[in-house]
Structures are given as structure tokens and as C-alpha cells.
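Chain and residue survey
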Amino acid sequence: MESSFWIKLTLSFLVGGIWVSLSSIAAERFGSKVGGLIGGLPSTIVVTLLFIGLTQSAARAAESAIIVPLVMGVNGIFVTVFIYLSRRGLALALAGALLAWFGLALILMILDVRVLWVSFLGWVALAASCFLVVEKGMKIVSHGRKVTRYTAVQLAGRAALAGTVVAFAVLMSKVAGPLAGGIFATFPAVFLSNLIISYRNGGAGFASAVAKSLMVSGMITVPIYALLVWYFYPRLGLGLGTLLAFLVAAGAGLLTLRVMKSRLA
């Protein structure tokens, strides 16, 4: 593999580790809504699409972004299954959520979805369905701050766990084909790491509350980012396109947090 890929893999490990560590600490210090918002913001997808553009072309990166909204809808199902099974143990919740994700990802690869409006409509339908199931059917209660003391070993272990999961997702996006690469670039690596950390530190209730916030934030901000990348990259280039797309997505995330604080339980 070319050296640029190893740079991307290393950056993904670092970005993923730092991002998940900060968002999980934010969830414990400021509550599940803030932590979920931060964890749901575009992170690894920023690195992945940017390096696809750097190593191949802006047009190829824009093409890879097409499938992202639909896969984020699948990520909503991943979170919904995790919440449903979380009271039966972390292992079962992770196994069920990952099985659902890989099964649906395989269906997407077979269907070979490459049309933007199909991806967009699929995202809207899945996002709305998952939100209604979690919000109306499961009655997840948000949690406030948790008093936690951190050691250097704990923080390093947390970052290593998150970085490893994220790096694996980036590796899969390289070795798989073009469509599969776009799918695995949106593998719920940050979701997965955050949920493991939240469960271990706060139990099923806290992890479910973080998962709900992650789902709402991620299924809004990441598809918005991907759609903007699809539009901006061919027209504005990689640098300016990445910056503008992230700023708009972050603004959408802040607006989402305000709505979550005022309306969601």
C-alpha cells in the first residue's frame, strides 16, 4: 500500500482516539446530550473523504460521499438495536447491533446504490423511523454529569480502543471496492467506541442515553457534511470544501443540541 494510505490510517487512529475520548469525557462531565452531540459530529468521515480526494481526486471523493447519507440511516438501526439489547448485557447489544449493520451493509453492496436521491430518501426514511422508535417506543431518559476521576492509563486505554476501531474502518474502506469503500468509510466506529466506553462507565441506562444523542446528532450532521462534500469538492477544491462543509455541519450540530435540550427527555 502507498505511503499516503498509512498516513491516512495513522491520522484516523489519532483523530478517532482523541475525538471519542473527548466526547465520552464530555458525556460524563456535562451529560449525555453534550457527549452525544460531540460524538455525532463528522470526524472520521472528514479524514476518509479528504484523503480519498488527496490520493485519487476530488471527483472520486465526491462520488464516495453519495452513499454516506443512506449508510448513516443504517447506523441509526445499529444504535436502535444496541439500545434495545443493552439491558441484556454489553456483549449481546454489540453483537446484535454489528450483525444488523453488516447484514444491511451487504444488502447495500448487492443493490449497488450510486444515486444521490435514493441515498437521500433512504436516509430520511430510516432516520425518521429510528428516531420514532427510540423516542416514542423506548422512552430513553437523558442522564446528567457523572463524577469520574481519570488516570493517564485510563485515558490512554480509552483513546487506543477508539483509535483502533476507527483505523479498522479506514482499512476496510481501502481494501474493499469503490462502493464498499464508501460504506465502510461510514462504519459506526465512533458510535461503537463511545457506546462501549459509556456502558462500562455508566451502565446500560447511561449508554442508552448517550446512544440516543449520538443517533440524533450523527444522523443529522454527517449526512449534511457528506452532501456538502459532494457539492463543494468538485467546485471549490478539497481544502475550502472540507472547511465549509464542516462548519455548516457543526452549525447544524449546535442547532440540534439546542433542540435536544429543549424538547427531548
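Residues numbered from 1 in each chain as written. Predicted model: local features only at pLDDT ≥ 70, side-chain atom pairs only at ≥ 80, totals over all residues. Heavy atoms only, no water.

Here's the deal with the nonpolar core
Residues Ile45, Phe78, Phe82, Trp101, Ile183 and Tyr225 are the most contacted members of the largest nonpolar core, which totals 63 residues. Looking at this core, the element that brings in the most residues is helix H10 (residues 189-236), giving 22 residues. If sequence neighbours within four positions are ignored, Trp101 has contacts with Val71, Val74, Asn75, Phe78, Ile183, Phe184, Thr186, Phe187 and Pro188. (Core = buried A, V, L, I, M, F, W, Y, C linked by side-chain atoms within 4.5 Å. Buried < 20%, exposed > 50% of the residue type's maximum accessible area, 1.4 Å probe, protein only. Helix = DSSP H or I, 4+ residues; strand = E, 2+ residues; numbered from the N terminus. Contact = heavy atoms within 4.5 Å.)

Here's the deal with the packing of aromatic side chains
Going through the model one piece at a time under the given rule, you end up with five aromatic pairs. Summarising the aromatic geometry, the rings of Tyr231 and Phe232 are spaced 5.7 Å apart at their centres and angled 65° between planes, so their arrangement reads as edge-to-face. Of the residues examined, Tyr231 reaches a relative accessible area of 41% and is grouped as partly exposed. Taking relative accessible area as the criterion, Phe232 reaches 14% and is therefore assigned buried. (Phe/Tyr/Trp six-rings, centres within 6.5 Å; stacked < 30°, edge-to-face > 60°.)

Thoughts on the side chain of Ser86
With respect to the secondary-structure elements, Ser86 resides in the loop between helix H5 (68-85) and helix H6 (90-111). According to the relative accessible area criterion, Ser86 is buried, its value standing at 0%. Among residues more than four places away in sequence, those in contact with Ser86 are Ala93, Tyr199, Ala204 and Ser208.

So, the side chain of Ser64
Tracing the backbone through its elements, the reader meets Ser64 in helix H4 (residues 58-65). Taking the relative accessible area as the measure of exposure, Ser64 reaches 12% and is therefore buried. Every residue in contact with Ser64, bar those within four places of it in the chain, is listed here: Leu49, Ile52 and Gly182.

Some words on the packing of helix H7 (residues 116-138) against H10
For the pair H7 and H10, the least separation of the axes is 10 Å and the interaxial angle reads 170°. Relative to H10, H7 is oriented roughly antiparallel. Side by side, H7 and H10 meet where Leu116, Phe120, Trp123, Ala127, Cys130, Phe131, Val134 and Glu135 of the first sit next to Lys212, Met215, Val216, Met219, Ile220, Pro223, Leu227 and Trp230 of the second. Each residue belonging to the contact of H7 with H10 can be placed in one class, and the counts come to 14 nonpolar, no polar and two charged. (Axes fitted to C-alpha atoms, helices over the stretch in contact; angles between N-to-C directions. Parallel < 35°, antiparallel > 145°, perpendicular 65-115°, else oblique. Nonpolar A, V, L, I, M, F, W, Y, C, P; charged D, E, K, R; others polar.)

A look at the environment of Ile83
Position of Ile83 relative to the elements: it lies in helix H5. Using a relative accessible area of 0% as the deciding quantity, one classes Ile83 as buried. C-alpha separation for the pair Ile83 and Val134, spaced 51 residues apart in sequence, amounts to 8.1 Å.

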